[in-house]
There are 2 protein chains.
Amino acid sequence: MSEHRPRIYLAGPEVFLPDPLAAGRRKCAMAAAHGFEGIYPLDASLDLAGLDVTAQAQTIAAANEGLMRNCDALIANLTPFRGVSMDSGTAFEVGFMRALGRPVLGYSNVVADYAARAQMFRARGIPTGDGDRADVEIENFARAENLMIACAVEFSGGSVVRTRVDAGIELDDLAGFEACLAQVKAMLGGGA
Amino acid sequence: MSEHRPRIYLAGPEVFLPDPLAAGRRKCAMAAAHGFEGIYPLDASLDLAGLDVTAQAQTIAAANEGLMRNCDALIANLTPFRGVSMDSGTAFEVGFMRALGRPVLGYSNVVADYAARAQMFRARGIPTGDGDRADVEIENFARAENLMIACAVEFSGGSVVRTRVDAGIELDDLAGFEACLAQVKAMLGGGA
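Residues numbered from 1 in each chain as written. Chains lettered and ligands numbered in written order. Predicted model: local features only at pLDDT ≥ 70, side-chain atom pairs only at ≥ 80, totals over all residues. Heavy atoms only, no water.

Engineer: Would you mind going over the packing of aromatic side chains in detail, with residue names and values included?
Structural biologist: Residues and elements named next belong to chain A. Counted under the stated rule, the structure contains six aromatic pairs over all chains. Measuring from centroid to centroid gives 6.1 Å for phenylalanine 16 and phenylalanine 81, while their planes differ by 10°, and the two rings are stacked. Of this pair, phenylalanine 16 sits in the loop between strand E1 (7–11) and helix H1 (20–33) while phenylalanine 81 sits in the loop between strand E3 (73–77) and helix H3 (88–99), and the two are 65 residues apart along the sequence. Both residues of the pair, phenylalanine 16 and phenylalanine 81, count as buried. The ring of phenylalanine 177 has lysine 27 sitting right over it, with the charged end atom 4.8 Å from the ring centre. (Phe/Tyr/Trp six-rings, centres within 6.5 Å; stacked < 30°, edge-to-face > 60°. Helix = DSSP H or I, 4+ residues; strand = E, 2+ residues; numbered from the N terminus. Buried < 20%, exposed > 50% of the residue type's maximum accessible area, 1.4 Å probe, protein only. Lys NZ or Arg CZ within 6 Å of the ring centre and 35° of its normal.)

Right, dumping it as structure tokens:
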């Protein structure tokens, strides 16, 4: 039976953690406990030896696109990453799976709304080389992220899970991920 | 003939400018000069009266998804927006159109690589409520953005256009957009 478990693409910046394989194993084990196969987009299995950076990046991107096409749903870590918003590669992946009509779920380990975070960003002073300005609108729909992201989750039948965690473990805490697994289970049904 | 011009979805945070309609008209006029129909995702034509914020956001998101499905290609403004990376809604849209197999092009009005920008972000001090940490890897593939975004443009047959512009007009300068139109024209062919 196990080869027919629904496959969940595990999107998020955890691939940049010091031990990204361990982070992936944790998520895959939790997915398995819910009857799913977790698909973690780490390039460890790719042979990048001898490739220049252009070819390396393209090999990884093509592999990740292929993995997504073979998954039944996506759970994304939407935690703010190097700015007001989530990791941009993760946002790309949410859109990718949404266009394919697969359920997309998401969690953030920061609870403030997008609008509140954008105001905090400005309060620190807008850095050089950023498109934000004092006269640029801050979207305020009481969502955790830009409406395209948040609504894609809602259209999937889910809701973005927000969890308050201690500083420094925003990429590590998996309570929100666990809640997303439960949401997917209600949509797809579990495995064995 | 004009009803058969290829339709280009115009993605970017210009929708948050003080006069977003004017920004859209400028881009649509430039697209038309290249033989394209520009599709600008502004919710001005939507009737949001009487809707609560939940329904407003969902109405806008559903409309934008519908517009994308009816476009032949996408040009995205990848300029950093409220952080190291581009606007997250725009990243979602790049992924959405990429999954549909439509060409995606992009430009940034900040020339520094993603990696250099991430280092500058850390040098200012990582703010509270951000997933970045000193021990988290900074991807460095000499690209303007996360590899999923940059490679989607490359897979489309294009390359991210980077333009150095004066501070404060990062969302206004359209030289990079013009270059993307030329790239799309080489892919799709122009209109009349």
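Engineer: Help me get a handle on unusual backbone geometry, residues and values and all.
Structural biologist: Residues and elements named next belong to chain B. Positive phi, close to 60°, is recorded for arginine 82, a residue that is not glycine. Arginine 82 gets classed as buried once you look at its relative accessible area, which sits at 2%. Backbone geometry at alanine 142 places phi at a positive 60°, although glycine is not the residue there. With respect to the helices and strands, the residue alanine 142 is situated in the loop between helix H4 (114–123) and helix H5 (147–155).

Engineer: Talk me through the sheet that holds strand E5 (residues 161–162) of chain A; I want residue IDs and the actual numbers.
Structural biologist: The strands that make up a sheet pair up through hydrogen bonds in the backbone, lying either parallel or antiparallel. All names here are of chain A. The strand order across the open sheet formed by five strands is E2-E1-E3-E4-E5, and the pairing between neighbours is parallel. Both outer strands of the open sheet, strand E2 (37–39) and E5, are each paired with one neighbouring strand and no more. As defined by bridge partners, strand E4 (residues 104–108) adjoins E5 across two bridges and the pair is classed as parallel. Residue pairing for E5: tyrosine 107 is matched across the bridge by valine 161. Along the sheet, H3 contacts E1, E3 and E4; its crossing angle with E3, the most-contacted strand, is approximately 160°. (Pairing = 2+ DSSP bridges. Contact = heavy atoms within 4.5 Å. Axes fitted to C-alpha atoms, helices over the stretch in contact; angles between N-to-C directions.)

Engineer: How would you explain the relation of the copies chain A and chain B if you had to name every residue and give the values?
Structural biologist: Rotating chain A by 180° and moving it 0.0 Å along the rotation axis overlays it on chain B with an RMSD of 0.0 Å. Taken together, the rotation angle and the small translation identify this as a two-fold axis. Interface overlap between copies: 100% of the residues of chain A at the interface are likewise at the interface in chain B, consistent with a symmetric, same-surface contact. (Least-squares fit on C-alpha atoms with pLDDT ≥ 70 in both.)

Engineer: I'd like a rundown of the pattern of salt bridges, residues and numbers included.
Structural biologist: This structure, assessed with the given rule, holds 20 salt bridges over all chains. Among the ionic pairs, arginine 162 of chain B bridges to aspartate 113 of chain B, the shortest N-O distance being 2.6 Å. Taken together, the positions of arginine 162 of chain B in strand E5 (residues 161–162) and aspartate 113 of chain B in the loop between strand E4 (104–108) and H4 put the pair 49 residues apart, joining distant regions of the chain. Across the pair arginine 143 of chain B and glutamate 154 of chain B runs a salt bridge, and its minimum N-O distance is 2.7 Å. Placement of the pair is arginine 143 of chain B in the loop between H4 and H5 and glutamate 154 of chain B in helix H5, with a sequence separation of 11 residues. In this structure arginine 143 of chain B comes out as buried when scored by relative accessible area, which is 8%. Glutamate 154 of chain B sits in the partly exposed class, given a relative accessible area of 22%. Each of Arg82 of chain A together with Arg122 and Asp132 of chain B takes part in one network of salt bridges that share partners. (Salt bridge = Lys/Arg side-chain N within 4 Å of Asp/Glu carboxyl O.)

Engineer: Just give me the short version of the layout of surface pockets, but keep the residues and values in it.
Structural biologist: Space inside the largest pocket adds up to approximately 840 Å³. Taken together, 40 residues make up the lining of the largest pocket; nearest its centre are Gly83, Phe121 and Arg124 of chain A together with Gly83 and Phe121 of chain B. For the lining of the largest pocket, the per-class residue count stands at 20 nonpolar, nine polar and 11 charged. (1 Å grid on protein atoms, 1.4 Å probe; cavity = no way out; pocket = protein on both sides within 12 Å on 5 of 7 lines; lining within 4 Å. Points joined across faces, edges and corners; volume = space filled by probe spheres on them. Nonpolar A, V, L, I, M, F, W, Y, C, P; charged D, E, K, R; others polar.)

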